[in-house]
Amino acid sequence: MASSRRFKLLLILLAIVSLASFSPALPALSSPHRLHSNPKGGDLGFWIADDKFWKDGEPFQIIGGDLHYFRVVPQYWKDRLLRAKALGLNTIQTYVPWNLHEPSPEKWVFEGMADIESFLKIAQELGFLVMLRAGPYICAEWDLGGFPAWLLGIEPALELRSSDPAFLQLVDRWWGILLPKILPLLYSHGGPIIMVQVENEFGSYGDDQPYLHHLVALARRYLGNDIILYTTDGGSKNTLDKGTIPGEEVYSAVDFSTGEDPWPIFQLQKKYNLPGKSPPLTAEFYTGWLTHWGKKIAVTDANSTAAALQKILSLNASAVLYMAHGGTNFGFFSGANTGENEKDYKADLTSYDYDAPIKESGDVQNLKFKALRNVIQKYSRGSLPPFPTNNEVIETDQPVSMESIGQMYGFLLYTSEYPEKESGSILSIPKVHDRAQVFIRCSLADNERSLIYIGTIERWSNREFAVPFIKCSSNVSLFILVENLGRLNYGPYLYDRKGLLSAVILDGTILHRWRLYPLSFNKLSSVLRSNPIVQVADPQNVDMTEEPRFYQGSFFIDHKNQVKDTYISFRGWTKGIAFVNNFNIGRFWPLMGPQCTLYVPAPILQHGENIVVILELHSPHPELMLNLVDYHDFSC
């Protein structure tokens, strides 16, 4: 490797508040082995017989939950699935929204939040089976029930959800793209998908058997005959008459209101399945309900919900929680409903929290999660994973230490508010461990980069300092980013907690109502790769403010024999932490000195591209440059 190779970094625009997205990851659970199925012979596979589901030769009770990849940012997919695992679920059910994947005709999107294959692979890694609701109609309180809105612009008008040839031609094109992607992920191919749903609650909408038969034939064409196809309809004769697909060996599942007596409905379900092919399953066990704008938020009682689930599972029936985790209708994708006529229009909220056991923010510290988990535990073959902690904002009346909220290393962001003052103020924090950067901005600021740096408080030189007056139409937000610089390892003060260990005092008044954001960097590289706010910085226009920001760059090693130990020089930078290929190589602090370089062992490096990411807490190098050198430097 050349002894002094210079490379320019990419500026990643992540303001201090957006650092909160790096929340602590849950511990990895057991890694399942891949299973190949053969429903027609041997014990491996997933099939239906004797009115039971069978998995690899053993009866299997589905205890599942809906968790929609398109309502969760990809960075949180694994986290939310881990929480579903801790709830006790063994199966994940998800819709596939056509409009997300084909936003305009033949423009196919399968990246980012639309990367369904990655989501399904993560689910499999965590040991889940998957029930895939492929549509083409999904309902789901999603815009146009998942249909692309451009379908409405076609003339003559299409007859949606019907055997209209013009409509079916577009469905054929869509499934011709989707289903080949799904084929390798079927259980019979070593993937997690055990069942694929055809349409969705069609019996509540129409009576067009040729349409349903067309979908079955299309699914069989791409997925083969071994996969279980299923329908879901309300548990009444009228809906099952119109929504099931006789003669096609398509399994008919039911759904019904939480709290209804399930046994008569399961008995009715049997009449719509072949003999021995009707394991009782409610494919939508409602843990909550949707909410429209202008209405009171819908909530359901945790204990009665758990009791209803208990009754179903005690019958050796299967259930899929709708929802296990609702998530969010990001962008313009929230749908709407009507009442008795078209004028009775009811638009859905952006939030799809659904009063589910795993809340929109990932919260599991709630009665419903605990109550449902207690029920599911009784019907699980093994012990459930440990009860997870929350990713969401931690709220306290007074600041607390890092350790008390489970943040052992790194940074903790404390935020509070105070009323606008007519003049400047004096801020005091008597006990900071170890170093705190202080910022303010107006609470209703619409620009995340409008932070004003106030100063730094250090454990060894604590002092009061002035907070300037800023004109706000609302309260003033106070941000304190505290860094753990390392715990004492010797002497009488070994009990060394980190964070803000005292009250925060403004003009002699103690501030209350704090929100805490633990900042972890366990998956830094994957988060930065998927972040859409990435720009190449012009060194002539570098903003030299004191606001923490990420910077990313890369260098190339041309030949394998050049992969050797090296050092990165941070001369010209101020203070922060650095990662090489997602490995934390440590803190840099040339402003304090004496160390100017960080050691990079060869095993961290790789032939080809190597990625460097740094969090600069203050001002960056004016040219956004780093040097690779072949010597250590302790002369800063």
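Predicted model only: the values in this text are computed from it and were never measured.

1. Some words on the pairing of strand 17 (residues 425-428)
1) Next: In this sheet, strand 21 (residues 465-467) lies alongside strand 17 in antiparallel orientation, the contact comprising three bridges. The residue bridging S425 from the neighbouring strand is V467, located in strand 21.
2) Next: Of the strand pairs in this sheet, strand 17 and strand 24 (residues 505-506) are connected by two bridges, and their pairing is antiparallel. Each residue of the ladder has a partner; that of S428, found in strand 24, is I505.

2. Some details on empty space enclosed by the protein
1) Next: Applying the stated criterion across every chain, the model contains three cavities of 30 Å³ or more.
2) Next: Of the volumes computed, that of the second largest cavity is approximately 60 Å³.
3) Next: Y418, E420, K421, S423, G424, S425, V467, P468, F469, I470 and V476 together form the lining of the second largest cavity.
4) Next: Among the residues making up the lining of the second largest cavity, the classes are represented as six nonpolar, three polar and two charged.

3. Regarding the pattern of salt bridges
1) Next: Using the criterion set out here, one finds 26 salt bridges in the structure.
2) Next: Between R83 and D79 there is a salt bridge, with the nearest N and O atoms lying 2.9 Å from each other. Taken together, the positions of R83 and D79, both in helix 1 (residues 77-87) and four residues apart, correspond to about one turn of that helix.
3) Next: Relative accessible area serves as the criterion here: at 8%, D79 is assigned to the buried category.
4) Next: Note that D261 and K311 form a salt bridge whose closest N and O atoms lie 4.0 Å from each other. One end of the pair, D261, is in the loop between strand 10 (251-255) and helix 7 (262-270); the other, K311, is in helix 8 (residues 302-314), and 50 residues separate them in sequence.
5) Next: Its relative accessible area of 42% is what places D261 among the partly exposed residues.
6) Next: Take K311: its relative accessible area is 44%, and that puts it in the partly exposed class.
7) Next: One salt-bridge network, held together by shared partners, links D434, R459, D496 and K498.

4. Here's the deal with the environment of Y230
1) Next: Within the element layout of this structure, Y230 appears in strand 9 (residues 228-234).
2) Next: On the basis of relative accessibility, which here comes to 0%, the residue Y230 falls in the buried class.
3) Next: The contacts of Y230, once residues within four sequence positions are left out, are Q93, M131, L132, R133, M195, V196, Q197, V198, V250, Y251 and A253.

5. Some details on the packing of aromatic side chains
1) Next: Applying the stated criterion to the full structure yields 28 aromatic pairs.
2) Next: Judged by centre distance (5.5 Å) and plane angle (55°), the rings of F439 and Y453 are tilted. One end of the pair, F439, is in strand 19 (residues 435-442); the other, Y453, is in strand 20 (residues 452-458), and 14 residues separate them in sequence.
3) Next: Judged by relative accessible area, F439 falls into the buried class, the value being 1%.
4) Next: Aromatic rings pair up to connect W98, W108, Y137, F147, F167, W174, F202, Y205 and Y211 into one cluster.
5) Next: Here the guanidinium or amino end of K85 rests over the ring plane of F128, the centre of that ring lying 4.9 Å away.
6) Next: We note K181 situated over the ring of F110; from NZ or CZ to the ring centre the distance is 4.5 Å.

Basis of the calculations
Residues numbered from 1 in each chain as written. Predicted model: local features only at pLDDT ≥ 70, side-chain atom pairs only at ≥ 80, totals over all residues. Heavy atoms only, no water. Pairing = 2+ DSSP bridges. Helix = DSSP H or I, 4+ residues; strand = E, 2+ residues; numbered from the N terminus. 1 Å grid on protein atoms, 1.4 Å probe; cavity = no way out; pocket = protein on both sides within 12 Å on 5 of 7 lines; lining within 4 Å. Points joined across faces, edges and corners; volume = space filled by probe spheres on them. Nonpolar A, V, L, I, M, F, W, Y, C, P; charged D, E, K, R; others polar. Salt bridge = Lys/Arg side-chain N within 4 Å of Asp/Glu carboxyl O. Buried < 20%, exposed > 50% of the residue type's maximum accessible area, 1.4 Å probe, protein only. Contact = heavy atoms within 4.5 Å. Phe/Tyr/Trp six-rings, centres within 6.5 Å; stacked < 30°, edge-to-face > 60°. Lys NZ or Arg CZ within 6 Å of the ring centre and 35° of its normal.

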